[in-house]
Amino acid sequence: MEKFDLLIKNADIYTMDAYGTVIKNGVIGIQGDTISLISQMDTLDPCDAEKVIDAKGSVIFPGFINTHIHIFQSFLKGLGADHRLIEWLNLSALPYGQYMTPEQHKLAAQLACMEAIKSGCTSICEFFYTNQDPELAYSCIDGMKSTGIRSVFIRTFQDAGEEYGMPECFIEPVDKAMREVELLKKKYKEDDMFSIWTGPDVTWSTTKEGYEKMLEYCLSENVRYSMHIKETEVDNQMCKKYYDKDIVDLLEEIGFLTDKFLAVHCVNLTQHDIERFAEYGVSVSHNPAPNLYLGSGIAPIPESLKAGVNIAMGTDGAASNNSTDMLESLKLAALMQKGIHRDAAVITADNVIRMATVNGAKAIGMENKLGTLENGKKADLIIINPRHLKSAPMHHADATVVYASSEENIDTTIINGKIVYHKGKFSCGIQEEELIEKIDREIIKLKSKINL
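Residues numbered from 1 in each chain as written. Predicted model: local features only at pLDDT ≥ 70, side-chain atom pairs only at ≥ 80, totals over all residues. Heavy atoms only, no water.

Trainee: Sorry, what's going on with a negative patch on the surface here?
Mentor: A surface patch of like charges, here negative, comprises E433, E434, E437 and D440. Mapped onto the elements, E437 comes out in helix 16 (residues 432–447). Among the residues examined, E437 registers a relative accessible area of 44% and is labelled partly exposed. (Patch = residues over 30% accessible without salt bridge, like charges linked within 9 Å, V, L, I, M, F, W, Y side chains within 5 Å. Areas by Shrake-Rupley, 256 points an atom, 1.4 Å probe, with all protein chains shown as cover. Salt bridge = Lys/Arg side-chain N within 4 Å of Asp/Glu carboxyl O. Lys, Arg positive; Asp, Glu negative; His and termini not counted. Charge placed at Lys NZ, Arg CZ, Asp CG, Glu CD. Helix = DSSP H or I, 4+ residues; strand = E, 2+ residues; numbered from the N terminus. Buried < 20%, exposed > 50% of the residue type's maximum accessible area, 1.4 Å probe, protein only.)

Next up, the structure:
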């Protein structure tokens, strides 16, 4: 008799595989960190399980992959509201980021990751740029790991940017930044649960030399990289001022456009840019909430998908989103495109869920292990209960998930075969109320250092 560590039964399973397979009244068996059984209940052979979840009436999807967040900004929700990007940065992220302590970074990581887990995320990509003290990165990583979420830590750099308000303490030579990346790789074991990337922060705080030296390091050491790009018109203004080129053309010229590159925001992509990204296999992290919140615009997502660009999903930092709720971002991603194109069919619920699952896995280089529910893949999945006032009745699961769900619908989040969240409780041992009380005390200390 086959034995499983965890058996989930009586749920409809949306595999998100290439065929769109849906298994009605299905069962998933997990051994260790891997899916080892997925079938219909009526074909299940006699078996035994350490733990059984009866998910009758619920649906199962692959866990969501949040490909872009700034964890420290979880302390800054609502600061700098109603301002455009550069003004917002100088009222919230940049001044506060200079003074946050290692303990505050750890608490922010726990807050952000637990909120992500509660909204169905099983993987998260932290885009880290407060590099003035190495201890900040260590504390952030430790905070992420303490929640049980699958993590990518992207240690970025800025080697310019004073004229745009970049604090001096954030600016460093690219050689130093790459040495710090290497130190992180020596300190922390990289595996399927945790990996370290790098990348420039933004185009207006990066020199051509910075791009070139970082790229040389990444290609020689097989390191993936990410960058904010074309979030606003400032990117091209800066690039043309110093290099007399559009930023995408400059990056193409130096060989930066590869399938290891995760481009973030991409609000102002031209058709030319889209074609370049498709040609070189660049992935895009689409972050609809901050692009609306900061008035940056609406990214050309349907056009990019049509051209073959891999589009993934992100929430961005909570200072420009006010949450780390992936479900909220999914709904925005669908609705904003329908509105701007005046075409309700221009993007579908299935498109958006794929962006958050299959495409997200490809964007982080883990498509062979994550993103779909199949035998042999890592057991990252969510159980969604539609029996709540907002989401009932459920006619089509994909539409319910994207258009009618909230955190209350996430019954269970399973990461790497472990139940990390179940019926309102986290398994990491961190209590929500205690965490919030600690953060409230730290906010008072942080605000006392700021003079805005």
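Structure's up, so let's keep going.
Trainee: Would you mind going over the nonpolar core with me for this structure?
Mentor: Generally speaking, soluble globular proteins have nonpolar side chains that are buried together. Ranked by size, the top nonpolar core spans 126 residues in total, and within it F61, L251 and F277 carry the most contacts. Here this core gets 9 residues from one element, more than from any other, and that element is helix 3 (residues 102–118). The residues touching F277, leaving out its near neighbours within four places in the chain, are V248, L257, A263, C266, L269, V282, V284 and V309. Membership of the second largest hydrophobic core comes to 18 residues, among which are L6, A11, I23 and I53. (Core = buried A, V, L, I, M, F, W, Y, C linked by side-chain atoms within 4.5 Å. Contact = heavy atoms within 4.5 Å.)

Trainee: Looking at this structure, how should I read the UniProt feature "domain: Amidohydrolase-related" (unreviewed entry) in the chain?
Mentor: Those places that UniProt annotates as "domain: Amidohydrolase-related" (unreviewed entry) correspond, in this numbering, to residues 59–420. For residues 59–420, helix accounts for 42% and strand for 18%, while the C-alpha atoms at its two ends are 18 Å apart. (UniProt positions renumbered as here; feature names shortened; annotations may be inferred.)

Trainee: Any chance you could explain unusual backbone geometry here in plain terms?
Mentor: Glycine aside, a negative phi is what most residues show, and trans is what most peptide bonds show. With omega at -5 degrees, the peptide bond leading from A392 into P393 counts as cis. Turning to its location among the elements, P393 is positioned in the loop between strand 14 (381–384) and helix 15 (397–404). Unlike most non-glycine residues, K230 shows phi in positive territory, near 55 degrees. By relative accessible area, K230 is classed as buried at 1%.

Trainee: Got a minute to help me understand the packing of aromatic side chains in this structure?
Mentor: Two aromatic rings, taken as a pair, are described by how far apart their centres are and by the angle between their planes. Applying the stated criterion across every chain yields a total of 14 aromatic pairs. Between Y138 and Y188, the ring centres sit 6.4 Å apart and the planes meet at 50 degrees, which makes this aromatic pair tilted. A residue pair is termed long-range when its members are at least 10 positions apart, and Y138 in helix 4 (residues 134–147) and Y188 in the loop between helix 5 (174–187) and strand 9 (194–200) qualify at 50 residues. Overall, the relative accessible area of 17% leaves Y138 in the buried class. Its relative accessible area of 8% is what places Y188 among the buried residues. Plain terms: the ring middles of F261 and F277 are 6.4 Å apart, the flat faces sit at 75 degrees to each other, and that makes the pair edge-to-face. Residue F261 is found in strand 11 (residues 261–265), and its partner F277 is found in helix 9 (residues 271–280); the two are separated by 16 residues along the sequence. You can call F261 buried: its relative accessible area is 1%. Overall, the relative accessible area of 0% leaves F277 in the buried class. Clustering of aromatic rings is evident, with ring pairs tying together Y211, Y225, F256, F261 and F277. (Phe/Tyr/Trp six-rings, centres within 6.5 Å; stacked < 30°, edge-to-face > 60°.)

Trainee: Explanation requested: the pattern of salt bridges in the structure shown.
Mentor: Between side chains of opposite charge, a pair can form as their charged atoms come close. A full pass over the atoms with the stated rule returns 26 salt bridges. Across the pair E180 and K176 runs a salt bridge whose closest N-O atoms are separated by 4.0 Å. Of the two residues, E180 and K176 both sit in helix 5, 4 residues apart, roughly one turn of that helix. Relative accessible area serves as the criterion here: at 16%, E180 is assigned to the buried category. One salt bridge in this structure joins R354 and D350, with 3.2 Å as the shortest N-O distance. Here R354 and its partner D350 are both found in helix 13 (residues 349–356), 4 residues apart, which amounts to about one turn of the helix.

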